[in-house]
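Listed below are the residues making up each chain.
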Amino acid sequence: MKKILLGIICVGLLGGSTSCSDFLEEKTKSELDLGQNFSTPNHARTAVNVLYRNGAPDLYGNGGVYMPSSSTMGGYISGLFDNGYKGQEVIASYSQTLTHTAKNIAGSMDGVWDDCYEAISRANTAIKYIPSTPGLQETERNNLLAQAKFFRAFNYFYLVKFFGDVPLITEPYESLENLYVSRTASAEVYNQIVEDLTFAVDHLNDVAFTENGFRVAKGTAEVVLADVYLQMSGYPLLNNKYAEAAKVARSIINSGKYALIQNGNSPETSAYNVIRTEDNTKEYLYSYEYEASIASNPKVQICLPVSGAQDNQLAYSLTNDAYRPIEEYLNVYDPEKDLRIQEKQFFHTSEMLTDKSGNLREYKFVTCPYIWYNEEAMTKSAKSSKDLALYRYAEVLLIAAEAIAQSEGVTTEAIGYLADVRARAYTTTDRSDIVSSLSSLSKEAFIQEVWVERMRELVFEMRTWSDIQRTRMYPVTSKDAKGKVSFVNVIGAKNPWGAVYQEKDLLWPISDNEMQRNPSLKQNPGFE
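Nothing here was measured: the structure is a model prediction, and the numbers come from that model.

**A word on the overall build of the chain**
Step number 1: When you go through the chain residue by residue, the secondary structure sums to 21 helices and eight strands.
Step number 2: Radius of gyration (C-alpha) of the chain: 23 Å, near the 24 Å computed for a compact globule of 528 residues.
Step number 3: With the C-alpha coordinates of the chain rotated into their principal frame, the extents come out at 75 × 60 × 50 Å.
Step number 4: Across the 528 residues that make up the chain, the buried fraction comes to 58%.
Step number 5: Considering the chain, the positive charge centre built from 51 side chains and the negative charge centre built from 66 side chains are found 2 Å apart.

**Side note on unusual backbone geometry**
Step number 1: Put simply, Y235 and P236 share a cis peptide bond, and its omega is 0°.
Step number 2: Note that P236 resides in the loop between α10 (218-233) and α11 (242-255).
Step number 3: The backbone of N178 shows a phi angle near 55°, a positive value even though the residue is not glycine.
Step number 4: By the element assignment, N178 lies in the loop between α8 (138-163) and α9 (186-203).

**Brief notes about the pairing of strand β2 (residues 284-288)**
Step number 1: Most of β2 is tucked away, with five of its five residues classed as buried.
Step number 2: Note that β2 and strand β6 (residues 388-392) share four bridges and pair antiparallel. In the sheet register, Y284 faces β6, and the bridge partner there is R392.

**With respect to the packing of aromatic side chains**
Step number 1: Going through the model one piece at a time under the given rule, you end up with 33 aromatic pairs.
Step number 2: Sitting over the face of the ring of Y290, R53 holds its NZ or CZ atom 5.9 Å from the ring centroid.
Step number 3: The lysine or arginine in question, R463, covers the ring of Y391, its NZ or CZ lying 4.4 Å from the ring centre.

**Focus: the nonpolar core**
Step number 1: F150, Y156, F163, I193 and W508 are the most contacted members of the largest nonpolar core, which has 165 residues in total.
Step number 2: A per-element tally of this core places α8 first, with 15 residues.

**Looking at the packing of helix α7 (residues 106-129) against α8**
Helices that pack against each other are described as a pair by the angle of their axes relative to one another and the distance between those axes.
Step number 1: Running from amino to carboxyl end, α7 crosses α8 at an angle of 155°, the nearest separation of the two axes being 9 Å. Relative to α8, α7 is oriented roughly antiparallel. Here α7 and α8 pass one another in a crossing that is left-handed. In contact with M109, V112, W113, C116, Y117, A119, I120, A123, N124, A126 and I127 of α7, α8 contributes L145, A148, K149, R152, N155, Y156, Y158, L159, F162 and F163.
Step number 2: Looking at the contact of α7 with α8 residue by residue, the class counts come to 17 nonpolar, two polar and two charged.

**Thoughts on the side chain of S186**
Step number 1: Checked against the element boundaries, S186 lands in helix α9.
Step number 2: Judged by relative accessible area, S186 falls into the buried class, the value being 8%.
Step number 3: Among the polar contacts made by the side chain of S186, one reaches the side chain of D165 at a distance of 2.6 Å.
Step number 4: Each residue touching S186, except ones within four places of it in the same chain, is listed here: V160, G164, D165 and L237.

**Some thoughts on the pattern of salt bridges**
Oppositely charged side chains may form a pair once their charged atoms are brought near each other.
Step number 1: Inspection of every chain in the model, using the stated rule, returns 36 salt bridges.
Step number 2: Residue R422 is joined to E449 by a salt bridge in which the shortest nitrogen-to-oxygen separation is 2.8 Å. In this pair, R422 is assigned in helix α17 (residues 412-425) and E449 in helix α19 (residues 443-457), connecting sequence segments 27 residues apart.
Step number 3: The shortest N-O distance in the salt bridge between E503 and R472 comes to 2.8 Å. Here E503 is found in the loop between β8 (486-489) and α21 (512-517), whereas its partner R472 is found in the loop between α20 (464-471) and β7 (473-476), with 31 residues between them in sequence.
Step number 4: Residue R472 is classed as buried on the basis of its relative accessible area, which comes to 17%.
Step number 5: Among the charged side chains, a network of salt bridges with common partners joins E283, D338, R340, R392, R422, R424, E449, E453, R456, E457 and E461.

**Some points on the packing of helix α16 (residues 393-408) against α17**
Step number 1: Contact pair α16 / α17: the axes reach a minimum separation of 8 Å and the direction vectors enclose 145°. Considering only the axes of α16 and α17, their crossing is left-handed. Counting all contacts with α16, which are made through A394, L397, L398, A400, A401, I404 and A405, the residues of α17 involved are E413, A414, Y417, L418, D420, V421 and R424.
Step number 2: Across the contact of α16 with α17, the residue classes tally to eleven nonpolar, no polar and three charged.

**So, the confidence of the model for the chain**
Step number 1: Residue-level pLDDT values for the chain average 93, and 93% of them are 70 or greater.
Step number 2: Counting contacts from residues 6-32, a segment whose pLDDT is below 50, to residues more than four positions away or on other chains yields 21 contacts.

**With respect to a nonpolar patch on the surface**
Step number 1: Taken together, the side chains of Y173, L176, L179 and Y180 make up a nonpolar region of the molecular surface, amounting to roughly 450 Å² of accessible area.
Step number 2: Note that Y180 resides in the loop between α8 and α9.

**Comments concerning the environment of L98**
Step number 1: Here L98 is to be found in the loop between α6 (90-96) and α7.
Step number 2: Separated by 92 residues in the primary sequence, L98 and Y190 place their C-alpha atoms 27 Å from one another.

**As for the environment of F151**
Step number 1: Tracing the backbone shows F151 in helix α8.
Step number 2: Given the relative accessible area of 1%, F151 is considered buried.
Step number 3: Along the backbone, F151 and G164 are 13 residues apart, and their C-alpha atoms lie at a distance of 19 Å.
Step number 4: Excluding residues that lie within four positions of it along the chain, F151 makes contacts with L51, Y52, P57, V216 and Y286.

**Focus: the environment of I447**
Step number 1: On the secondary structure map, I447 appears in helix α19.
Step number 2: A residue is classified by how much of its surface remains accessible, and I447, at 6% relative accessible area, is buried.
Step number 3: With sequence-adjacent residues up to four places away left out, I447 is seen in contact with E402, A405 and Q406.

**Some points on α8**
Step number 1: Taking 1.5 Å of rise per residue, the 26 residues of α8 would be expected to cover 38 Å, and the 37 Å separating its terminal C-alpha atoms lies within 8% of that figure.
Step number 2: In terms of burial, α8 is largely enclosed, as 23 of its 26 residues are buried.
Step number 3: Positive backbone phi, at 85°, marks G164, one or two positions downstream of α8.

Cut-offs used in this document
- Residues numbered from 1 in each chain as written.
- Predicted model: local features only at pLDDT ≥ 70, side-chain atom pairs only at ≥ 80, totals over all residues.
- Heavy atoms only, no water.
- Helix = DSSP H or I, 4+ residues; strand = E, 2+ residues; numbered from the N terminus.
- Rg over C-alpha atoms; globule rule 2.2 N^0.38 Å.
- Buried < 20%, exposed > 50% of the residue type's maximum accessible area, 1.4 Å probe, protein only.
- Lys, Arg positive; Asp, Glu negative; His and termini not counted.
- Charge placed at Lys NZ, Arg CZ, Asp CG, Glu CD.
- Pairing = 2+ DSSP bridges.
- Phe/Tyr/Trp six-rings, centres within 6.5 Å; stacked < 30°, edge-to-face > 60°.
- Lys NZ or Arg CZ within 6 Å of the ring centre and 35° of its normal.
- Core = buried A, V, L, I, M, F, W, Y, C linked by side-chain atoms within 4.5 Å.
- Axes fitted to C-alpha atoms, helices over the stretch in contact; angles between N-to-C directions.
- Parallel < 35°, antiparallel > 145°, perpendicular 65-115°, else oblique.
- Left-handed = near helix turned anticlockwise from the far one by under 90°.
- Contact = heavy atoms within 4.5 Å.
- Nonpolar A, V, L, I, M, F, W, Y, C, P; charged D, E, K, R; others polar.
- Polar contact = N/O pair within 3.5 Å; in protein donor to acceptor, adjacent residues only side chain to side chain.
- Salt bridge = Lys/Arg side-chain N within 4 Å of Asp/Glu carboxyl O.
- pLDDT = per-residue confidence, 0-100.
- Patch = residues over 30% accessible without salt bridge, like charges linked within 9 Å, V, L, I, M, F, W, Y side chains within 5 Å.
- Areas by Shrake-Rupley, 256 points an atom, 1.4 Å probe, with all protein chains shown as cover.
- Expected span 1.5 Å × (residues − 1).

Structure follows, in structure tokens:
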């Protein structure tokens, strides 16, 4: 494990493995081109390694105590998550109240746009020059190309969900020509994403992600491709790809390489606590790596509110509940049946901590994430090597359940996949009873049950907003009927902060800074 991180230290030092004769060979700097940086196999390998920590993957893994990661912005605009420092991190407050503009959140929008396009540029360079890199065997050449194409697709997928139509650039910039690129229709961007991911599926190693040195594997590309097909099938494209999503999800399931973590015999050994503590399990199809000596997981700090560090002796000088689900979100869980909402599973409301006077006491607080909590890091080291799961096998099952129901109807297979995920959480309910209750549902009702289960299971994969975008349905809950969710059209729906969604709110504005830099761009409607 941790092989990728160790390889990234030398990013940018593409000549680091050359011989002395290579080093002494004179090359005219004014005639230096990118191709000269791909003169050995290690140059190609390093060009791919850097993609693991750039752009969209880093938008899940970046952040700190004030803003946990860029990927949490969707939670804020859904109105279902809060940030204790939103007075400072204005992206949270502007998003909750739907008062965001191209100017007042320009910095956050720049971060997404710039980071993704920098990664795309790196991927384009790798894709162009890996085929002509000397010394690479064909199998490795195709595998490196597949990794580069996977990350190009992953970045474009993030961008097209975030902004809608975006410039589609598939060649590296090697001159000052054509600097100003206009936006490309989303359908064309998605076609490129599918093409890249299909190549990746065909050429990545056909082993489990955690058995592949934590590098993207065939199953990684497949789960992202299934997710892409699911997104394409909904708004705004409404390009029915449910059958394709079902086919790809089935491929992962039938491979036998991945599986749900099963619950142990105690709450401390539940599947959700294994997810919290273990990196090497068959449930993970893709995770973002951390190694405390190189790059520590910053999400530990958001597992307690601001008062956590103020009132107690912690290794961190500051904590902040920067991605805290509010009551309206927590109501999706049945507190009697669902293990995920019980204390110290997905969430927690108390910890035994030493206060400022040196006394060990029970410290109580509002509901905060527990899935990223690390006691050693919180109280002693201030460092965590726990990886961040981006795609888990539970999501594969939920994609399969929805896609099959949409394309084939509520079949026994679709019911079984949804029941697998729910039964793991409903530990006091017989699986047969879950199957029976799902079997009586209409197609529409069953699909909505999948949406609900996605909210419950994928809360920390940050899927809530992209699900609202593609379904255009907004979840409504009640404290008097916990575990029950109804859905209303998001256009015209009022979020918990009293803001009413308009059509424009389904996409983010392009930064005012980027609009000024690139005169060929047109702003998203409603943000002109």
